[in-house]
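One-letter residues, chain by chain:
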Amino acid sequence: MNNSIAVVIAASAVLYGTPLLYAGLGELLAERAGVLNLGVQGMMLVGAAMGFWTVQRFHVGSGGALLTAVGVAALAGAAMALIHGFLVITLRASQIVSGLALTIFAGAAGLSSYLGNDLNLASNPARHQFGAVFPSAAQHWPIVGPILFGQNLLVYASWFCVLAVGLYLSRTRPGLNVRAVGESPAAADAMGIDVIAYRYAHVLAGGAFAGVGGACFSLAITPQWVPGDEMIAGGAGWIAIALVIFAFWRPDLVLVGAYLFGAFAALPFTLQARGVTIAPELFQSLPYVMTVLVLVLVSSGVAKRRLGAPAALGLPYVREER
Amino acid sequence: MRAITKRFPGVLANDRVDFEAASGEVHALLGENGAGKSTLSNILTGLYRPDEGEIELHGKPVHFRSPRDALDARIGMVHQHFRLVTPFTVAENVVLGDHRGEGRTLRLRPRAIERRVAELGEQYGLRVDPRARIWQLSVGEQQRVEILKTLYREARILILDEPTAVLTPQESEALFRTLRTMAAEGRTIVFISHKLNEVKAVADRVTVLRAGRSVATATAAEATAQSLAALMVGREIPAPARIATAKRPGRPALELEALCAQGDRGAPALHEVSLTVRAGEIVAVAGVAGNGQRELAETITGMRPPSGGAVKVAGVALATGDPRAAIAAGVAHVPEDRLGTGLAPSLSIASNVVLKSYRSGEASRGPFLRHGGIRRLAVEAIRRYGVSAPGPTTPARQLSGGNLQKVVLAREFSGKPRVLVAASPTRGLDVGAIETIHTYLREAAATGVAILLISEDLDEILALADRIAVLYEGRIVGERHCPGADVGEIGLLMAGGAGT
Amino acid sequence: MIRIERRLRQPRLLSVVVPLVSVGFAFGLIALVLLATGHDPGHTYGKLFRSAFGDTGALTSTFASATPLVFTGLAAAAAFRMNLFNIGAEGQLYFGVVGAVAAALLLHGAPGAVQIAGMCVGGAALGALWASIPGILRAFGRTNEIITSLMLNYVAGLVINFLIFDTHSYWRDTTSPSAAVFPQGKALPDAALWPVATITHAAGGVLLPLGFMVAAGAAIVLWTLYRHTRFGFELNVIADSPRAARYAGMRTRRKILAVMALSGAIAGLGGAAQAGNFDHLLDPRGLQQQFYGYTGIVVAALARYNPFAVVLVAFLLGGLKNAGFALQGADFPSGLVGVMQGIFLFSVLGGEILIRYRFRLKREPGAAHLPEPVP
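What counts, and where the lines are drawn
- Residues numbered from 1 in each chain as written.
- Chains lettered and ligands numbered in written order.
- Predicted model: local features only at pLDDT ≥ 70, side-chain atom pairs only at ≥ 80, totals over all residues.
- Helix = DSSP H or I, 4+ residues; strand = E, 2+ residues; numbered from the N terminus.
- Rg over C-alpha atoms; globule rule 2.2 N^0.38 Å.
- Buried ≥ 20, exposed ≤ 12 C-beta atoms within 10 Å, placed from the backbone.
- Contact = placed C-beta atoms within 7 Å.
- pLDDT = per-residue confidence, 0-100.
- Pairing = 2+ DSSP bridges.
- Axes fitted to C-alpha atoms, helices over the stretch in contact; angles between N-to-C directions.
- Parallel < 35°, antiparallel > 145°, perpendicular 65-115°, else oblique.
- Nonpolar A, V, L, I, M, F, W, Y, C, P; charged D, E, K, R; others polar.
- Right-handed = clockwise from strand over helix to strand, strands pointing away.
- Expected span 1.5 Å × (residues − 1).
- Arc of directions from axis to C-beta.
- Bend = angle between axes of the 7 residues up to and from the residue.

Asks: An account of the overall build of chain C is requested, with residue identities and associated values reported.
Replies: Scanning chain C from terminus to terminus reveals 15 helices and four strands. A compact globule built from 375 residues would reach a C-alpha radius of gyration of about 21 Å, and chain C, at 22 Å, matches this within 12%. Taken over the C-alpha atoms alone, chain C extends approximately 80 × 60 × 40 Å along its principal axes. Residues classed as buried in chain C amount to 54% of the 375 residues present. Across chain C, every contact between residues at least 6 apart in sequence was considered, and the portion connecting residues at least 24 apart equals 75%.

Following this line, the structure appears as structure tokens:
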């Protein structure tokens, strides 16, 4: 039963959806604070590179090395996000152009490739990688075994993150403040909320999540270093941006969307292995096409107010403007 | 506040302003638009930092680095443009940014906040459903939320910036009662306004600002409207006098037949409005803001498609929902929002002068522009209407309000209009500019233009109009000839009182 | 305390000086990156300059790498000037290649000039068509064009993959022996190959591709369109204030659609030039490794959306790209080109604030006004 195609697809959807989930949660935090960061692709790649470098370099036992690697990946992603934050929050540059600049700066033809070369990442296989957490008996339980118990620690941690981000935004005071900053920075400012600090904090958190998302590839899914966008399955960063829209800026729906898009990413391989030949492009293009459709839906009048983007998304906030 | 100075690029907004208010009083801050009232209050609430001068609170000097400092010092403000997060509930808006008491907990407890908001509302007569979302509320209710916000933060000093601009006379009365209650508890109320009668009605003392300076502080009971007006403007001004214009209205130039339209949120905003304006006549539409004025102006000029009825110009029905058709039929429009709708802010005066006539022979030949011709038209407009600007290439956003309106009028009259729809043409202008704009409107009427003046300012309406139509909740609830209209009766109609 | 104030006037000189200073600052920053990673900046810069512009061969390659960037740069500039953020030049260029190759194959046997003209039309048409999707959604559904055009890049990439790898399409070569080993596109007929002019006075001769000349022509047309026509006037008003445009009776929706289509057509023309002058077939892998569309946005932003500056900046970035390709190795790590492009862009973007705002260093009351150094 566990070899049935549905179970195999579900299990790999979770595996491939996890990096999207991390990166999507990060982008969601930044966008909820009103900052669009199109540089996810770049942040993920740098996270993947630095995470992989750490496991190769630190000899402190498998667990320690892997956890350190995740931390380093998060820091690397946050460092990339800091550049974007400085440009768009402090220097009030265009969020779109700055985000694209970050993609080029950090992306497949930029810093991540530079690091990959300079740190010699491609020449060695991985020393450590995240593996299944639960004993193999549990993994063989019907249906739930491969899907729920066959996953690595990063997957379980991502569930915790979804819960944490969801509660943070809906049930806590800083969460309320962030939402206000993204919706109406002027109102937030008048109520004594430090708009600039909130924006920086969430852009940085977004970068950290993207870095971890990238590390999911180099530490778990494909534990090696491949130069170029292939390292993160082509366009995971862009799909993550799409995902946030697809999920109407809600963490719980980011989880659903991530696994759906993860399934599309995994489907061609799974089907190919079964001898079914359908053009893989069909499935690969679904996340993009669906996001466009959702965006059309969201921008139609009625849906806009209830499901729409944070009202101040993409706009710099300047207090003393005359 | 002592010797407060604040400069903005190109403007000295506050020039060594002194201001002092005692606890338990309602202190009015009176001044014309642009006199520096809002700047001063933004400094007091920590939103702006003064360039010079200092603030003392209960005898101790304070330095506000941010609005948070001011809030912690228990100073609250109700801004003219509300600072509310529209998708949030009332309770969420009230608790926003709070970091004391209830606010110290990380967890948000909506029920407790909702209870507290309901209690406060009960206590001060500011009833509003704590769970309602802001966009569902009327403007008056939104203002109550703003006041509740300051009460929740236990403000001892409350500043209200032009709070009655969005209220009916009845709502204003209720607000004044709330403010008196709060003052009686020992709070300080700073009431910013440019309306003399209001100030007289609610304030204990008045400080008058003029051109960024504080010119006098007086006891409200002792001051007269005349003396305050003189202080505010800096010279004696005669009571608004009508310049009698003996004229015979011509044929109907603009006819509205059972015009209906929807507001931005899709709710009906105009209900079967029927109105006729004859050539050479000035008909004023009076009403409290938000009763369909904007929708009326936009529907007539084609910017908003009507949901029923017709607009006729010189007897011919307009293709509705198409500004170009209205322009071609000779409908000129002075929009409410002059910078942004009436003018493109970053473009030059020259471009703005030909905004509607760029297809004409003087401005273009075939698909190409004639920059020389455009420049000539602009220089001519600047000269004729006395626009003070460095030159035709100056971007519109660098002009003052009065000069912006002159550019708009220059362009609109250059099209030789039959009908002019003027929406709040003098809002926010100083007295000199208001007089100039009024003169242009009268001259236009004298040459046979039919003018529909939409205004919230009754004094302006009484000074200009031949006929007054009162708009209330999207309906014309009464029409009176002017002069001869009874101001009290008009006011009653504006408030939705019985009409004929 | 530093205060940032909006400038009342933006001196013209600043809009030239600030980007130049920003680029200089970027060179300094990159030198630091190089030093930090153990490279000699002087040595690297020297090699870089020589490989980009140092001799006729280098200049020939630089023109070749600059050509698609001029097109995508103009495509971005045309839309961004109007506050329409068409991020889709990448996909529109792919479709331009598809259209141009199809046109050339269909016109097989026609005179060369006809084939080349057909490629231009086919490329521009498909590019415009692909750009019209976000254009229509934006104009009639108010859907944000940034994300839709971005998403459609990936769909376009998958479409060209499909055309060559997963179907026996019109574009796929099914006859030649090498195509049996690895799927590849059908080669253009010889007459459809775009000519290359030789600038002879330089020793050896610099080769100037037809595509570059077409691109320069497109820049002149674009500039004239925006500066000297009624259409351009309407665009300027719409860009500055859509409400004012509607108030003045302009047909905003049509203009939005027209600008998106124009932007897509320019990118598509770039695809035609790429196929005609350089690739000679539809090569999905090759196209998707170049990031022409995204780099075009960098070009447009660095050029501050001025069409003539786009040509110049594209030439310089083309040189950088070409040099990076030529030098790849121990003393010029791959990835440095992207890092350099990114830093240039960050610096110029960050420098913009100096054009729009002025910094005032305030001491105590009675403040002294000092200009703040470039970040």
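Asks: Provide a residue-level description of the overall build of chain B, including the pertinent values.
Replies: Helix and strand content of chain B: 16 helices and 22 strands. Radius of gyration (C-alpha) of chain B: 24 Å, near the 23 Å computed for a compact globule of 500 residues. If one aligns the C-alpha atoms of chain B with their principal axes, the spans along those axes are about 70 × 50 × 50 Å. Here chain B holds 500 residues, and 48% of them are scored as buried.

Asks: Please provide a residue-by-residue account of unusual backbone geometry, values included.
Replies: Residue and element names in this part refer to chain B. For Arg16, which is not a glycine, the phi torsion comes out positive at approximately 45°. Along the chain, Arg16 falls in strand β2 (residues 11–17). Notably, Arg74 is not glycine yet its phi reads approximately 65°, a positive angle.

Asks: Could you give an account of the confidence of the model for chain C, with specific residues and numbers?
Replies: Residues and elements named next belong to chain C. Per-residue pLDDT for chain C has a mean of 86; in total, 92% of the residues score no lower than 70. Within chain C, helix α4 (residues 89–106) carries the highest mean pLDDT (95), whereas strand β1 (residues 2–6) carries the lowest (68). Reported confidence for the predicted complex is 0.86 by ipTM and 0.86 by pTM.

Asks: How would you summarise the environment of Met119(C) if you had to cite specific residues and measurements?
Replies: Residues and elements named next belong to chain C. For Met119, the location among the structural elements is in helix α5 (residues 112–141). Judged by the 29 C-beta atoms lying within 10 Å of it, Met119 is buried. A sequence separation of 22 residues divides Met119 from Val97, and the C-alpha atoms of the two residues are 8.6 Å apart. Excluding anything up to four places from it in sequence, Met119 contacts Ala100, Ala103, Ala104, Ala192, Ala272, Ala275 and Gly276.

Asks: Just give me the short version of the interface of chain A and chain C, but keep the residues and values in it.
Replies: The interface is formed by 40 residues belonging to chain A together with 40 residues belonging to chain C. Taken together, the elements giving at least two residues each to the side of chain A that touches chain C come down to α3 (62–90), α4 (95–106), α5 (111–118), α12 (236–246) and α14 (280–299) of chain A. Tallying contributions element by element places α14(A) first for the side of chain A that touches chain C, with 10 residues.

Asks: Can you explain the interface of chain C and chain B? Please cite residues and give values.
Replies: Facing the 20 residues of chain C at the interface are 27 residues of chain B. Going through the elements one at a time, β1, α9 (230–240) and α10 (242–247) of chain C are the ones with two or more residues in the side of chain C that touches chain B. Here the side of chain C that touches chain B takes six residues from α9(C), the largest share from any one element.

Asks: Can you break down the sheet that holds strand β7 (residues 157–161) of chain B residue by residue, with the values?
Replies: Residue and element names in this part refer to chain B. Overall, mixed pairing links the six strands, which are arranged β6-β7-β8-β3-β9-β10 in an open sheet. The sheet terminates laterally at β6 (75–78) and β10 (213–219), the two strands that pair on one side only. Pairwise comparison of adjacent strand axes, ignoring direction, gives a mean angle of 20° for this sheet. Sheet topology places strand β3 (residues 26–31) next to strand β9 (residues 205–210); five bridges connect them, and they run parallel. Of the residues in β9, the one forming a bridge with Leu29 is Thr207. Lying over the sheet, helix α1 (residues 37–44) contacts β3, β6, β7, β8 (188–193) and β9, oriented at roughly 150° with respect to β7. Contacts from helix α5 (residues 139–152) reach β6 and β7, with the element oriented near 175° to β6.

Asks: Outline the packing of helix α8 (residues 210–228) of chain C against helix α14 (residues 307–327) of chain C, supporting the account with residue identities and numerical values.
Replies: Residue and element names in this part refer to chain C. Relative orientation of the contacting elements α8 and α14 amounts to 155°, with a least axis distance of 8 Å. When the axes of α8 and α14 are compared, the pair comes out roughly antiparallel. Contacts from Ala216, Ala219, Leu222 and Trp223 in α8 reach Pro307, Phe308, Val310 and Val311 in α14. Of the residues that constitute the contact of α8 with α14, the class distribution is eight nonpolar, no polar and no charged.

Asks: Which residues make up the sheet that holds strand β11 (residues 252–262) of chain B, and what values go with them?
Replies: Residue and element names in this part refer to chain B. Across the sheet, which stays open at both edges, the four strands sit in the order β12-β11-β14-β15 with antiparallel pairing between neighbours. This sheet does not close on itself; its edge strands, each paired only once, are β12 (268–278) and β15 (316–317). By the bridge criterion, two bridges tie strand β14 (residues 308–313) to β15 in an arrangement that is antiparallel. Across the sheet, Lys312 pairs through a bridge with Ala317, a residue of β15. Across the sheet, helix α9 (residues 293–300) touches β11, β12 and β14, and the angle it forms with β12 is around 60°.

Asks: Tell me what's going on with the pairing of strand β19 (residues 419–423) of chain B, and back it up with residues and numbers.
Replies: Residues and elements named next belong to chain B. Most of β19 sits inside the fold, with five of its five residues counted as buried. Burial along β19 is two-sided: the face carrying Val419, Val421 and Ala423 and the face carrying Leu420 and Ala422 are both buried. As defined by bridge partners, strand β16 (residues 331–334) adjoins β19 across four bridges and the pair is classed as parallel. Of the residues in β19, the one forming a bridge with Ala332 is Leu420. Note: β19 against strand β20 (residues 450–455), five bridges, orientation parallel. By the bridge assignment for β20, Val421 is matched with Leu452. Handedness of the crossover joining β19 and β20 through helix α14 (residues 431–446): right-handed.

Asks: How would you summarise helix α8 (residues 153–171) of chain A if you had to cite specific residues and measurements?
Replies: Residue and element names in this part refer to chain A. Here α8 contains 19 residues, and its C-alpha end-to-end distance of 26 Å stays within 8% of the 27 Å for a straight helix at 1.5 Å per residue. Listed as buried for α8 are Leu154, Val155, Ser158 and Val165. Summarising the axial view, the buried residues of α8 lie within an arc of 95°, below the 170-degree limit, and thus occupy one face. What points out from α8, more than 90 degrees from its buried face, is the exposed set Phe160 and Ala164.

Asks: Give a description of the packing of α8(C) against α9(C) that names residues and reports values.
Replies: Residue and element names in this part refer to chain C. Where α8 contacts α9, the two axes come as close as 5 Å, and the packing angle between them is 70°. Here α9 runs roughly perpendicular to α8, going by the angle between their axes. Along the contact surface, α8 presents Leu225, Tyr226, Arg227 and His228, while α9 presents Phe231, Gly232 and Leu235. A breakdown of the residues in the contact of α8 with α9 according to their chemical character gives four nonpolar, two polar and one charged.

Asks: If you had to explain helix α11 (residues 195–221) of chain A to someone new, which residues and values would you point to?
Replies: In a regular helix each residue adds 1.5 Å, so 27 residues correspond to 39 Å; α11(A) covers 38 Å between its end C-alpha atoms and thus fits that length. Where α11(A) bends most, the angle comes to about 30°, and this point is Ala215(A).

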